[in-house]
Amino acid sequence: MKKERTIIIRDPKLQKIRNGLRTILNLWKSDIKSSLRAKSSEFSEEGNFIKSREIQKKISELNLQYQLSICVCLHCGHSDKDMIFVPEMRQWLCVDCNSERVYFNNLRSNLKISNWQLGEFFERLMGEEGIGLTRSGAKCNGYAASERILNEMGVSKEKQEQFYELCEYYGGYCDCEIIFNAKPRFLEEDFNY
Ligand SMILES: [Zn+2]
Ligand SMILES: [Zn+2]
């Protein structure tokens, strides 16, 4: 599927039927999984590890197929919502998670901190004046180092607020998480735009 596609069911009765079908499919998947698991351990008990691994692979494939299906939102895990197919992610999301995604994509596109500035910021945050990231660890105290560096760089409070909002969405709830979780996301988005 290449195009965005939204499937919305408004009638509560039909919603119930849809959710019921999704539940049945999930139960059916779990059933197949447990019988595959049993088979796999039988094989490994017999010492047939090749067969056992083959079956393990089938189980992972089954999990993946389910996760990518319209039955479940890969982001929040709910299986009782209207769904939308997002072509650039090649997967289904629930309409709520998708609205969130669109909101943060817009926030990212309109963020008035240049990529060049972001690069400088990440460098400084990783270094001695920031969290001092080394093999032995890092020092971290909320957004303290980020705030100090962004202030020094002359980034306004308003822009900083938007920046932290995005950081949280990317899993960066403190200075070190900004480096570990948010930085790759900022750079990856940078790649797409
Ligand atoms: Zn969702
Ligand atoms: Zn931290």
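Here the residue numbering is sequential within each chain, running from 1 through the sequence in written order. Note on labels: chains are lettered from A, ligands numbered from 1, in written order. With pLDDT at 70 or above as the cut-off, local features in this predicted model cover only qualifying residues; side-chain atom pairs require 80 or more to be listed or tallied, and sums for whole chains, interfaces and linings still use all residues. Computation of side-chain values: all heavy atoms of the structure, hydrogens and water removed.

A. The coordination of the zinc ion (ligand 1), seen in detail. Note that water is not among the atoms considered, so a metal site may appear incomplete; the donors listed are N, O and S atoms within 2.8 Å of the metal, with 3.2 Å applied to Na, K and Ca. Protein-derived ligands of the zinc ion (ligand 1) are Cys73 (SG), Cys76 (SG), Cys94 (SG) and Cys97 (SG), with the metal-ligand distances lying across 2.3 Å. Angular criteria define each label, namely tetrahedral for four donors with all angles between 85 and 135 degrees, square planar for four and octahedral for six donors with opposite donors over 155 degrees apart and remaining angles between 65 and 115, and irregular for whatever fails these tests. For the zinc ion (ligand 1), the four donor atoms in the first shell make angles of 101 to 115° at the metal, so the coordination geometry reads as tetrahedral. Mapping the donors of the zinc ion (ligand 1) onto the primary sequence yields the spacing C-x2-C-x17-C-x2-C. Each member of the pair, Cys94 as well as Cys97, carries the same accessibility label: buried. Burial here depends on accessible area, computed with a 1.4 Å probe over protein chains only, as a share of the maximum for the residue type. Under 20% is buried, over 50% is exposed, and the range in between is partly exposed.

B. The arrangement of the packing of helix 5 (residues 144–152) against helix 6 (residues 157–169) in detail. Where helices are involved, their axes are fitted lines through C-alpha atoms of the stretch in contact, as for all axes, and angles between N-to-C directions lie from 0 to 180°. Strands are runs of DSSP state E lasting at least two residues, helices are runs of H or I lasting at least four, and both sets are numbered from the N terminus onward. Running from N to C, helix 5 and helix 6 point in directions that differ by 140°, and their axes come no closer than 11 Å. Between helix 5 and helix 6, the interaxial angle falls into the category oblique. In the packing of helix 5 onto helix 6, the handedness of the crossing is right-handed. Between helix 5, through Ser146, Glu147, Leu150 and Asn151, and helix 6, the contact on the second element is made entirely by Lys157, Gln160, Phe163 and Tyr164. Here the nonpolar group is Ala, Val, Leu, Ile, Met, Phe, Trp, Tyr, Cys and Pro; Asp, Glu, Lys and Arg are the charged ones; every other residue, Gly included, is treated as polar. Class assignment for the residues of the contact of helix 5 with helix 6 results in three nonpolar, three polar and two charged. Angle categories: roughly parallel below 35 degrees, roughly antiparallel above 145, roughly perpendicular from 65 to 115, and oblique for all the rest. Definitions for this section: a left-handed crossing has its near helix turned counterclockwise from the far helix by less than a right angle. A right-handed crossing has that turn clockwise. Contacts are residue-level and defined by heavy atoms, with any inter-residue pair within 4.5 Å sufficient.

C. Quick peek at the pairing of strand 3 (residues 91–94). Burial of strand 3 is two-sided: the residues Gln91 and Leu93 facing one way and the residues Trp92 and Cys94 facing the other way are all buried. Here a strand pair is declared whenever DSSP counts at least two bridges between the two strands. In this structure, strand 2 (residues 83–86) lies alongside strand 3, joined through four bridges in antiparallel fashion. Opposite Val86, over in strand 3, you have Gln91 as the bridge partner.

D. Focus on the packing of helix 3 (residues 95–110) against helix 6. For the pair helix 3 and helix 6, the least separation of the axes is 10 Å and the interaxial angle reads 140°. In terms of orientation, helix 3 lies oblique with respect to helix 6. Here the hand of the crossing between helix 3 and helix 6 comes out left-handed. Residues Glu100, Arg101, Tyr103, Phe104, Leu107 and Arg108 of helix 3 form the contact with helix 6, whose participating residues are Gln162, Glu165, Leu166 and Tyr169. Of the residues belonging to the contact of helix 3 with helix 6, the class tally is five nonpolar, one polar and four charged.

E. Structural detail: a nonpolar patch on the surface. Patch members must show over 30% relative accessible area and no salt bridge, and they are joined within 9 Å when carrying like charges or within 5 Å when they are nonpolar side chains of Val, Leu, Ile, Met, Phe, Trp or Tyr. Only the protein chains shown count as cover for residues, with accessible areas throughout obtained via the Shrake-Rupley method and a probe of 1.4 Å. By definition here, a salt bridge exists when the distance from a side-chain nitrogen of Lys or Arg to a carboxyl oxygen of Asp or Glu is within 4 Å. A contiguous nonpolar surface patch, about 400 Å² in accessible area, is contributed by Leu14, Ile17, Leu21 and Ile24. Locating Ile24 in the fold gives a position in helix 1 (residues 12–45).

F. Representation of unusual backbone geometry. Phi at Arg90 takes a positive value of approximately 55°, unusual for a residue other than glycine. Relative to the helices and strands, Arg90 is located in the loop between strand 2 and strand 3.

G. Focus on the packing of aromatic side chains. Note on aromatic pairs: the rings of Phe, Tyr and Trp (six-membered ring only in Trp) are paired at centre separations within 6.5 Å, and the planes decide the class, stacked below 30 degrees, edge-to-face beyond 60, tilted for the rest. If you walk through the whole model with that rule in mind, you get 11 aromatic pairs. Ring plane angle 10° and centroid distance 4.0 Å describe the contact between Phe104 and Tyr169, whose orientation is recorded as stacked. With Phe104 in helix 3 and Tyr169 in helix 6, the pair connects residues that are 65 residues apart, well separated along the chain. What makes Phe104 buried here is its relative accessible area of 10%.

H. Summary view of the side chain of Asn98. Along the chain, the position of Asn98 falls in helix 3. Leave out the neighbours within four places in its chain, and Asn98 touches Ile84, Val86 and Leu93.

I. Spotlight on the coordination of the zinc ion (ligand 2). Distances from the zinc ion (ligand 2) to its protein donors, Cys140 (SG), Cys174 (SG) and Cys176 (SG), fall at 2.2 to 2.3 Å. Counting residues between consecutive donors of the zinc ion (ligand 2) along the chain gives the motif C-x33-C-x1-C. Comparing Cys174 with Cys176, the two get one shared label, buried.

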